[in-house]
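Overview (structure and organization)
As a plain string of letters, each chain reads:
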Amino acid sequence: MTDLDSLAQAINGCVDCGLARSRTHAVPGEGSPQARLMFIGEGPGFNEDQQGRPFIGPAGQFLDELLASIGLARSEVFITNMVKCRPPNNRDPFPGEMEACSKYLDAQIEAIKPKVIVPLGRHALAKWFPGESIGKVRAKARRFGDITLFPLYHPAAALHNGALRSTILDDFAKLGDLLRAPAPVPEATSAEAAPAPAESGPQSEQLSMF
Ligand code: URA
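The model shown is predicted, which means the values in this text are computed figures rather than measured ones.

1. Let's talk about the overall build of the protein chain
Scanning the protein chain from terminus to terminus reveals 9 helices and 6 strands. Here the protein chain holds 210 residues, and the buried ones make up 44% of them. Partitioning the contacts of the protein chain with sequence separation of at least 6, the portion at a separation of at least 24 is 70%.

As structure tokens, this is what we get:
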């Protein structure tokens, strides 16, 4: 059993906040345990609660399309949410619910060790950058320790406001560029430590995840 499997078991049995009383299924998240790229949404909706899987309703179908637009499949990334149980009537999760659930997200990040995390929407953004506006910081990469954060609009935003669809597609194209970009070459501390230039081929490892 992997760390992620035991976390999923703990999440499925969790009663640490009131959302446990109204859920049909908890939704731990899914994808590759070795994913280099992790997406974090807000919380399960109706379809996700019914099936115990993240992003399988209309917002999820758009997310699949967005992933395909940069050549990725769900199985290559990891997708989860700030809260693992559906808030009734799809209301915003309460701060206390996100707080109670954050231990699971932190443990998932620790187990997967993604290189890039994409917070989808303002609730996930606030975990790292409280008080900042998603409209201002979206599609800009920022380092946070060993992890690159690349916040994006939540795909559901395009379902409410069709004009955002092409903005979100453009932002995803920027995510694709980031994933293909060469990682910064670490600074050599002395002439001796500096590696000889390669005869051919790329001189720097790609962040290149896939
Ligand atoms: N919206 C989310 O934030 N998460 C899901 O899993 C589905 C819709």
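2. What to know about the confidence of the model for the protein chain
This prediction gives the protein chain a mean pLDDT of 90; 86% of its residues lie at or above 70. Note that pLDDT drops below 50 for residues 191–206; the model gives that stretch 13 contacts with residues more than four away or on any other chain.

3. A look at the pattern of salt bridges
Across all of its chains, the model carries 13 salt bridges by this definition. Across the pair R74 and E30 runs a salt bridge whose closest N-O atoms are separated by 3.2 Å. Within this pair, whereas R74 is found in the loop between α4 (58–69) and β3 (78–81), its partner E30 is found in strand β1 (residues 30–31), the two being separated by 44 residues in sequence. Here the salt bridges do not stand alone but share partners, grouping E30, R53, D64 and R74 into one network.

4. Observations concerning the sheet that holds β1
Taken in spatial order, the 6 strands make up an open sheet running β1-β3-β2-β4-β6-β5, and their pairing is mixed. Every other strand in the sheet has two partners, leaving β1 and β5 (142–144) as the edge strands with one partner each. Note: strand β2 (residues 37–41) against β3, 4 bridges, orientation parallel. The residue of β3 that forms the bridge with M38 is F78.

5. Some points on the environment of E30
You can call E30 partly exposed: its relative accessible area is 23%. Expressed as a C-alpha distance, the spacing of E30 and R74, which sit 44 residues apart in the sequence, is 8.5 Å. Apart from the residues lying within four places of it in its own chain, the contact partners of E30 are R53, P54, R74, V77, F78 and I79. Of the polar contacts made by the side chain of E30, one reaches the side chain of R53; its length is 2.8 Å.

6. Some words on unusual backbone geometry
Positive phi values are uncommon outside glycine, yet F55 reaches one of about 50 degrees. On the secondary structure map, F55 appears in the loop between α3 (46–51) and α4. If you check the backbone angles, A139 has positive phi at about 60 degrees while not being a glycine. Within the element layout of this structure, A139 appears in the loop between α7 (134–137) and β5.

7. Here we look at the environment of E132
Here E132 lies in the loop between α6 (122–128) and α7. A relative accessible area of 33% places E132 in the partly exposed class. Along the chain, E132 and R122 lie 10 residues apart, while their C-alpha atoms are 8.3 Å from each other. Setting aside residues no more than four positions away along its own chain, E132 makes contact with L125, V137 and R142. Polar contacts involving the side chain of E132 include one to the side chain of R142, which spans 2.6 Å.

Basis of the calculations
Residues numbered from 1 in each chain as written. Predicted model: local features only at pLDDT ≥ 70, side-chain atom pairs only at ≥ 80, totals over all residues. Heavy atoms only, no water. Helix = DSSP H or I, 4+ residues; strand = E, 2+ residues; numbered from the N terminus. Buried < 20%, exposed > 50% of the residue type's maximum accessible area, 1.4 Å probe, protein only. Contact = heavy atoms within 4.5 Å. pLDDT = per-residue confidence, 0-100. Salt bridge = Lys/Arg side-chain N within 4 Å of Asp/Glu carboxyl O. Pairing = 2+ DSSP bridges. Polar contact = N/O pair within 3.5 Å; in protein donor to acceptor, adjacent residues only side chain to side chain.

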